[in-house]
Amino acid sequence: MDWKLIEDKSWSSLEQQFEWVREMNTVPQDTRYHAEGNVAVHTRMALEALQQSAVYQYLSVLEKEIVWTAALLHDVEKRSTSVDEGEGRVSAKGHARKGEYTARTILYRDCTAPFHIREQIASLVRYHGLPIWLMEKPDSVKKLSEASLRVDTSLLKMLSEADVRGRICDDKKELLEAVELFEIFCREQDCWNKPREFATDYARFHYFHTEGGYIDYIPHEQFKCEVTMLSGLPGMGKDYYIQSSGMDMPVVSLDAIRRKHKLSPTDKSANGWVVQTAKEEARTYLRKGQDFVWNATNITRQMRAQLIDLFVDYGAKVKIVYLEQPYHIWRQQNKNREYALPESVLDKMLDKLEVPLLTEAHEVVYHVV
């Protein structure tokens, strides 16, 4: 597959085309860790270090584009998270997490990238600091395993090394040693250049949902029913998916509850009541061991986690089906809906979108057009 963010990769061309690149020039950094200057200076140095890397030269054309784009975007949200603490001290807590969302939006709306490429880049942005700090995490094995299900760990190491080499700091040697230890740890955990494998889907789910769980434990599967949780932005075609898939089972729909009680989807004051009503309906099916569909947007991990915990407590197997259409089709489908949402509401929801992860449920299906 041939995909490129931009043909002309000169910094002047990037600044000319992207406002978020121009904004990097105005974002200061902590002088202890980035004596080279602002985010623009650091990003340019990181890109140069990446392209000069011997390992980078052996990548495929697509792999080069993925890691290069991730390097360009890795600090994009220091613009919104940086706090000047005085005397050259600047903190940018949460910039990687927020950067993931921004990378996803840019590569979905502005510079269209195929789904699996977009999510690889967004995940690299999210985890770009992990190789440096992994061994300081309270559960480094679980954190690494989770990351390996989202990113190619060899590309992640490459990005992190470029991030370190593209800065001026007193602890560069120690940081580079941490990056090398990351590869060793990945190889020990059998997730270097590949995702961590689990014996079954349930084994994977159990490990990530059990505190202090043994990574190779294989739990016995004995589910009472299966819940299919749909996930996707409004207007992505969830109702159509249910109809066209021939699902012969009950559907718990938040939109249907709102329409029945003549509640607007933008009425936030009613959301709590709608969700509780839907949960009670779901409990009816769960108690009977009846398969059913949960039809709602479910676009954030926190939103999904609360429901998954409920379903699992009743012994259900949970399958998430994530639906996505190309940006222009999505917007047009929303306009054609009987209950269309304002464009501004869709923009806010897109900015909050968290694509479901394999760690979240027993099964995750990506139905992406």
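Residues numbered from 1 in each chain as written. Predicted model: local features only at pLDDT ≥ 70, side-chain atom pairs only at ≥ 80, totals over all residues. Heavy atoms only, no water.

(A) Molecular detail of the packing of helix α9 (residues 140-148) against helix α11 (residues 172-188). With their axes 11 Å apart at the nearest point, α9 and α11 run at an angle of 85 degrees to one another. Judged by the inter-axis angle, α9 sits roughly perpendicular to α11. Facing Ser140, Val141 and Leu144 of α9, the residues of α11 in contact are Phe182, Phe185 and Cys186. Within the contact of α9 with α11, the residues separate by chemical class into five nonpolar, one polar and no charged. (Axes fitted to C-alpha atoms, helices over the stretch in contact; angles between N-to-C directions. Helix = DSSP H or I, 4+ residues; strand = E, 2+ residues; numbered from the N terminus. Parallel < 35°, antiparallel > 145°, perpendicular 65-115°, else oblique. Contact = heavy atoms within 4.5 Å. Nonpolar A, V, L, I, M, F, W, Y, C, P; charged D, E, K, R; others polar.)

(B) Structural context of the packing of aromatic side chains. Tallied over the full model, the rule gives 14 aromatic pairs. Note on Phe115 and Tyr366: the rings are 5.5 Å apart at their centroids and 45 degrees apart in plane angle, and the pair reads as tilted. Residue Phe115 is found in helix α7 (residues 115-127), and its partner Tyr366 is found in strand β7 (residues 363-368); the two are separated by 251 residues along the sequence. Phe115 gets classed as buried once you look at its relative accessible area, which sits at 17%. (Phe/Tyr/Trp six-rings, centres within 6.5 Å; stacked < 30°, edge-to-face > 60°. Buried < 20%, exposed > 50% of the residue type's maximum accessible area, 1.4 Å probe, protein only.)

(C) Local environment of the environment of Lys173. Here Lys173 is to be found in helix α11. For Lys173, a relative accessible area of 61% gives the class exposed. When the C-alpha atoms of Lys173 and Pro131 are compared, they prove to be 14 Å apart, with 42 residues separating the residues in sequence.

(D) Layout of the UniProt feature "domain: HD" (unreviewed entry) in the protein chain. The UniProt entry lists residues 44-142 under the feature "domain: HD" (unreviewed entry), expressed in the numbering used here. Annotated as 63% helix and 7% strand, the span residues 44-142 places its first and last C-alpha atoms 33 Å apart. (UniProt positions renumbered as here; feature names shortened; annotations may be inferred.)

(E) Representation of the domain arrangement of the protein chain. The domains assigned to the protein chain are domain 1 (11-189) and domain 2 (225-368). Look at where the C-alpha atoms of domain 1 and domain 2 centre, and you get two points 32 Å apart. Contact residues are listed per partner, giving 12 residues for domain 1 and 18 residues for domain 2. Here domain 1 packs against domain 2, burying approximately 1,300 Å² in sum over the two surfaces, 63% of which is carbon and sulfur. Applying the counting criterion to the domain 1 and domain 2 interface returns six residue pairs in polar contact (both at pLDDT 80 or more). For the side of domain 1 that touches domain 2, the elements supplying multiple residues, two or more each, are α6 (95-110) and α7. If you tally residues by element for the side of domain 1 that touches domain 2, the top one is α6, at six residues. (Domains from an automatic or database assignment. Buried area = accessible area lost by both parts, 1.4 Å probe. Polar contact = N/O pair within 3.5 Å; in protein donor to acceptor, adjacent residues only side chain to side chain.)

(F) Layout of the packing of helix α4 (residues 61-73) against α7. At a minimum axis distance of 9 Å, the contact between α4 and α7 shows a crossing angle of 45 degrees. The angle between α4 and α7 falls in the class oblique. Crossing of α4 against α7: the hand is right-handed. Contacts between α4 and α7 pair Leu62, Ile66, Thr69, Ala70 and Leu73 from the former with Ile117, Gln120, Ile121, Leu124 and Val125 from the latter. Taken together, the residues that form the contact of α4 with α7 break down as eight nonpolar, two polar and no charged. (Left-handed = near helix turned anticlockwise from the far one by under 90°.)

(G) Representation of the environment of Gly315. The topology assignment puts Gly315 in the loop between α16 (301-313) and β6 (316-324). In this view, Gly315 contacts Phe223, Lys224 and Cys225; residues no more than four positions away in its chain are not counted.

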